[in-house]
Amino acid sequence: MANKTAAVAAPTNKKSWTSYIGEYGAFIALVFLVVVISVVSPEFRTAGNFLNLLRQATFNGLIAFGMTCVILSDGIDLSVGSTLALSAVISAKLIMQGVPAILAMIIALISGTLLGVVSVLLVTKGRLQPFIATLITMTAYRGLALILTDGKPISNIAKSIGDRPNQFAFKLVGKGNFCNIPIPAILLIFALIVFYFVLNKTTFGRKVYATGSNSKCAKLVGVNITKTKVIVYAISGFMSALTGLILISRLDSAQPTLGDGYELDAIAAVALGGTSMSGGRGKITGTIAGVLIISVLNNGMNLLEVSTYYQDVIKAVVILVAVLSDRKR
Amino acid sequence: MKIEMKGINKAFGSNQVLKDAGFVLEDGEVHALMGENGAGKSTLMKILTGVYTRDAGTVIVDGKEVIYKSPQEAEKAGIVFIYQELNVLFDLTVEENLFMGKEITKGFGICDKKAMRKKAQEAMDKMGVKIPINAVMSDLSVGQQQMVEICKALMVDAKVLIMDEPTAALTQSETEGLFKLIKSLRKKGVSIVYISHRMEEIFELCDRITILRDGTYVGTEKIKDINMDDIVRMMIGREIGERFPARDAKIGKEMLRVEGLTKGKTFKDVNFSVKAGEVLGVSGLMGAGRTEIMHAIFGNLPFESGKIFIEGKEVTIKNAREAINAGIGFITEDRKTEGLLLEKSISENIALANLGKFSDKSVVKKSKVDELVKKGIDEFHIKCFGPDHECNNLSGGNQQKVVFAKWVYTEPKILILDEPTRGVDIGAKKEIYSVINDLAAKGVAIILVSSELPEVLGMSDRIMVVHEGKITGIIDAKDADQEKVMTLATGGTL
């Protein structure tokens, strides 16, 4: 009998072409950019440049993946750049003091994770807004990095490592290649696969989306909101520390000012990828598109010798256009 | 003001929402607009007030054909729509809300606070409502916020007020206050269009009723010439039969017992039990502590003292996860903020409550989810295009069915229902009653919290009444009537 009340036609599942643009907007923009810059700059379309571009994308990419999780859970992490610097400085200091590099690098990853946890404790226990909480830790971590280094860069790290295997490991992270592909790029692709899997296929992924979508409702069906948030910020801290290790390996030097402003590039990439800033909606595939758009733009504008003054303005316009076209209709 | 709407058509894309709809509103009457969810009541009113444009049809106001292009234009003409989701700025004061967009200034955009305060106070006095005009909106109760909305409408000299389910979130006494106000407005010649699902209110308040079905005009009657069955028949186009379907459930052993549950002034020394296959109705005025007691049992609200027993064994439940594991399900009163992830699909909502069942070592098995969700859509008659249908685009009744499906599949032994039929049309209501009966027949112990007395009386085996956090009585449904329950609910004794 109940079925008979269904006189009103059920809505149909037709998607308009505009909604496809909304869904894949970032990829369309990326392809468009690549095509245009390829035509204008022959240098851009060489294999060497593409690998270079991919390596450059790694720094923002790894951080942006962590940031995507945080934003999906209705948070924000401004402390990523400072976390990167502090954990990098910690590992560099330890290495200079003779701690085996592999151990020092593991300690850096653990520190990054813990620094993320500190941020989130301010949110869950301290009941601060994520923006304020991470603004505080961002400032504090940067200060600590400056104190630890006395404001000076720690240089020639690789040389100070005595034994071969440890020196090799330290260099490998940032400068190594595997089958001609830079290790950082491999890390980026590996991380993309892991994040895709976790967000789309696991119960934890569902909990992240649910927390960002409606935490009250999620809590009432038994999702541990606090735990979910802690893990998400821990992931963000870990990814920042990992990026820090790649950076100091490449530069062979750890500066306390490392990663300054990285949080904004990461947030821009996440927004470009179509993730909602209020959580619950978004995709990791969108974020990688966003990361690549920013990298392609930077790389392309450098090759085309666009004045750095204009570069930022052009970047802003591209972000604006992409985000506008990505709006829900 | 007399309004005549004729032959109104409106389609959203391929979805024809209104088809030859209309009604006539006389001067100074309270006119009920009824129909199932999706019948087109709100759409018709939004066309009248210029929120939507119409595809065809005419609107005649006081003999002149009009087309309002925006709600502001309609407001200028004296027609104001008070939405169900109130349109207030929660962080601002009452007075700021009243004058939003039409501030009195001393020129150069400088606000004349004094004049506005005076005028606001006058308007409040005229309505006979005591709300401090410098209070911040979010500190007021929903009923008071609504009064402010009405006040805002009266300040622009509204001749027609359209109210969409105004009592959905009001307490008993607030409802009475609203009714008094509506009646006094009618005396002053203000016409009111009253949209509601609550039959009792329609009969108490309205002069005439117009019924819409599937976007089409069905008929208009004088309230005194019509009864509830007629209205239901007109609304759904056929006999619905018994309002409350019969239940065939065997009452078994005790499933849940609560002893001495206490939390400060919120609730005190709460004792009751529910048996397998039994429906325990919980009645009481809004704010009596019913919802809080349920949240406490579910581990979502810490309490000071008291014991909870499930199947005779004492349990401590600290959070929702533990409650679910202990076999309790909880359909909360506010499905929009607590019951559903609105922007997510049916599938994701059902899966979230059942992640354990659907996953293997934390990896979600999509095929298992799809299988169960498809079964759920069939079993609960959820009208949708499939498991991926976003919950936002479902009607209230169908949203509630999703909430039911999600909880039923956690296989609870005890199911708490807090206002399960609020904002749900009569057809879907009956389906929900059938689900409750089926669950009881399967041996689930059910606690039904409801503000609708007929529902509690019609569906329960026993009725527990709460007044100011205390249980004032538990009576057999056989012996209960509206009067007895109300006596207990207001603190009296039988």
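Conventions adopted
Residues numbered from 1 in each chain as written. Chains lettered and ligands numbered in written order. Predicted model: local features only at pLDDT ≥ 70, side-chain atom pairs only at ≥ 80, totals over all residues. Heavy atoms only, no water. Axes fitted to C-alpha atoms, helices over the stretch in contact; angles between N-to-C directions. Helix = DSSP H or I, 4+ residues; strand = E, 2+ residues; numbered from the N terminus. Left-handed = near helix turned anticlockwise from the far one by under 90°. Contact = heavy atoms within 4.5 Å. Polar contact = N/O pair within 3.5 Å; in protein donor to acceptor, adjacent residues only side chain to side chain. Patch = residues over 30% accessible without salt bridge, like charges linked within 9 Å, V, L, I, M, F, W, Y side chains within 5 Å. Areas by Shrake-Rupley, 256 points an atom, 1.4 Å probe, with all protein chains shown as cover. Salt bridge = Lys/Arg side-chain N within 4 Å of Asp/Glu carboxyl O. Lys, Arg positive; Asp, Glu negative; His and termini not counted. Charge placed at Lys NZ, Arg CZ, Asp CG, Glu CD. Buried < 20%, exposed > 50% of the residue type's maximum accessible area, 1.4 Å probe, protein only. Buried area = accessible area lost by both parts, 1.4 Å probe. Nonpolar A, V, L, I, M, F, W, Y, C, P; charged D, E, K, R; others polar. Pairing = 2+ DSSP bridges. Phe/Tyr/Trp six-rings, centres within 6.5 Å; stacked < 30°, edge-to-face > 60°. Lys NZ or Arg CZ within 6 Å of the ring centre and 35° of its normal. Domains from an automatic or database assignment.

Another point: the packing of helix α4 (residues 101-124) of chain A against helix α11 (residues 225-251) of chain A. Residue and element names in this part refer to chain A. At a minimum axis separation of 7 Å, α4 and α11 run at an interaxial angle of 140°. Here α4 and α11 pass one another in a crossing that is right-handed. Touching M105, A108, L109, G112, T113, G116, V117, S119, V120 and T124 of α4 are T226, K229, V230, Y233, A234, G237, F238, A241, L242 and L245, all from α11.

Residue and element names in this part refer to chain B. Position of D164 relative to the elements: it lies in strand β7 (residues 160-164). For D164, the side chain forms a polar contact with the side chain of S42, separated by 3.1 Å. Among all residues touching D164, those that are not within four sequence positions of it are S42, F81, I82, Y83, Q84 and I195.

Okay, a positive patch on the surface next. All names here are of chain A. Together, R164, K171, K175 and R250 make up a region of like positive charge exposed at the surface. A total of three residues in the positive patch trace back to one element, the largest contributor, which is helix α7 (residues 164-175). Assignment of secondary structure puts R164 in helix α7. The class for R164 is exposed, based on a relative accessible area of 68%.

What follows deals with the interface of chain A and chain B. Contact with chain A, which involves 33 residues of that partner, is made by 39 residues of chain B. Between chain A and chain B, roughly 3,200 Å² of surface is buried when both sides are summed, and carbon and sulfur atoms account for 58% of that area. Connecting chain A to chain B are two salt bridges. Residue A:R281 pairs with B:E343 through a salt bridge whose shortest N-O separation is 3.4 Å. Inspection of the region where chain A meets chain B yields nine residue pairs in polar contact (both at pLDDT 80 or more). With six residues, helix α9 (residues 203-213) of chain A is the single largest residue contributor to the side of chain A that touches chain B. Per-class residue counts for the side of chain A that touches chain B are 15 nonpolar, eleven polar and seven charged.

We now examine the pairing of strand β3 (residues 30-34) of chain B. All names here are of chain B. Summarising burial for β3: five of the five residues are buried, a large majority. Residues of β3 alternate between two faces, with V30, A32 and M34 on one and H31 and L33 on the opposite face, all of them buried. As paired elements, β3 and strand β8 (residues 191-195) share four bridges and run parallel to each other. Its bridge partner lying in β8, L33 is registered against I195. Of the pairings in the sheet, the one linking β3 to strand β9 (residues 208-213) comprises four bridges and is parallel in character. Within β9, the position partnered with H31 by the bridge is R208.

Looking now at the pairing of β7(B). Side-chain direction in a regular strand flips from residue to residue, so the side chains alternate between the two faces of the sheet. Residues and elements named next belong to chain B. Most of β7 is tucked away, with five of its five residues classed as buried. Direction of pairing for strand β6 (residues 79-82) relative to β7: parallel, over a ladder of four bridges. Its bridge partner lying in β7, I79 is registered against V160.

Strand pairing in a sheet is mediated by backbone hydrogen bonds. Such pairs are either parallel or antiparallel. All names here are of chain B. Taking strand neighbours across the sheet as the criterion, the six strands line up as β16-β19-β20-β13-β21-β22 in an open arrangement whose pairing is mixed. Where the open sheet ends on each side, the last strands, each with one partner, are β16 (328-331) and β22 (470-476). Averaged over neighbouring strand pairs, the angle between their axes works out to 20° when direction is ignored. In this structure, strand β13 (residues 279-284) lies alongside strand β20 (residues 445-449), joined through four bridges in parallel fashion. Residue pairing across strands places V282 opposite V449, the latter belonging to β20. Here helix α16 (residues 426-441) sits on the sheet and contacts β13, β19 (414-418) and β20; the angle it forms with β20, its principal contact strand, is near 150°.

Glancing now at the packing of aromatic side chains. Residue and element names in this part refer to chain B. Summed over all chains, the structure comprises nine aromatic pairs over all chains. Their ring planes at 90° and their centres at 6.1 Å tell us that F380 and Y409 sit as a pair that is edge-to-face. Here F380, found in the loop between α14 (366-379) and α15 (396-408), pairs with Y409, found in the loop between α15 and β19; they are 29 residues apart in sequence, far enough to count as distant. Neither residue differs from the other here; F380 and Y409 are each classed as buried. In this structure, R257 is placed above the aromatic ring of F309, and the distance from its NZ or CZ to the ring centre is 4.3 Å.

Once that is clear, we can look at the sheet that holds β6(B). All names here are of chain B. Taken in spatial order, the six strands line up as β6-β7-β8-β3-β9-β10 in an open sheet, and their pairing is mixed. Taken across any chain shown, the strands that pair with only one partner, and hence form the sheet edges, are β6 and β10 (216-222). When strand polarity is set aside, the average angle formed by the axes of neighbouring strands in this sheet is 20°. Across the sheet, helix α8 (residues 228-236) is in contact with β3, β9 and β10; its angle to β9 comes to roughly 30°.

Moving on, we come to the domain arrangement of chain B. All names here are of chain B. Splitting chain B by domain gives domain 1 (3-236) and domain 2 (254-489). For domain 1 versus domain 2, the distance between C-alpha centres works out to 32 Å. Carbon and sulfur atoms make up 58% of the surface buried where domain 1 meets domain 2, a total of about 1,100 Å² over both sides. The largest share of the area that domain 1 buries against domain 2 comes from N37, Q172 and R198, three residues that together contribute 36% of it. Counting across the interface, domain 1 meets domain 2 through zero salt bridges. Taken together, domain 1 and domain 2 are joined by zero residue pairs in polar contact (both at pLDDT 80 or more). Put simply, the parts of the chain that give the side of domain 1 that touches domain 2 at least two residues each are α7 (199-205) and α8. Counting residues per element, the side of domain 1 that touches domain 2 draws most heavily on α8, which supplies three residues. Of the residues contributing to the side of domain 1 that touches domain 2, the split by class is seven nonpolar, four polar and five charged.

Attention now goes to the environment of B:R257. Residues and elements named next belong to chain B. Following the sequence through the fold, R257 ends up in strand β11 (residues 254-263). For R257, a relative accessible area of 25% translates into the label partly exposed. Each C-alpha atom, one on R257 and one on I308, is 5.9 Å from the other, the two residues being 51 residues apart in sequence. Residues in contact with R257, not counting those within four places in the same chain, are F272, S273, K307, I308 and F309. Side chain to side chain, R257 and E254 meet in a polar contact 2.8 Å long. Within the structure, R257 has its side chain in polar contact with the side chain of E259 (distance 2.9 Å).

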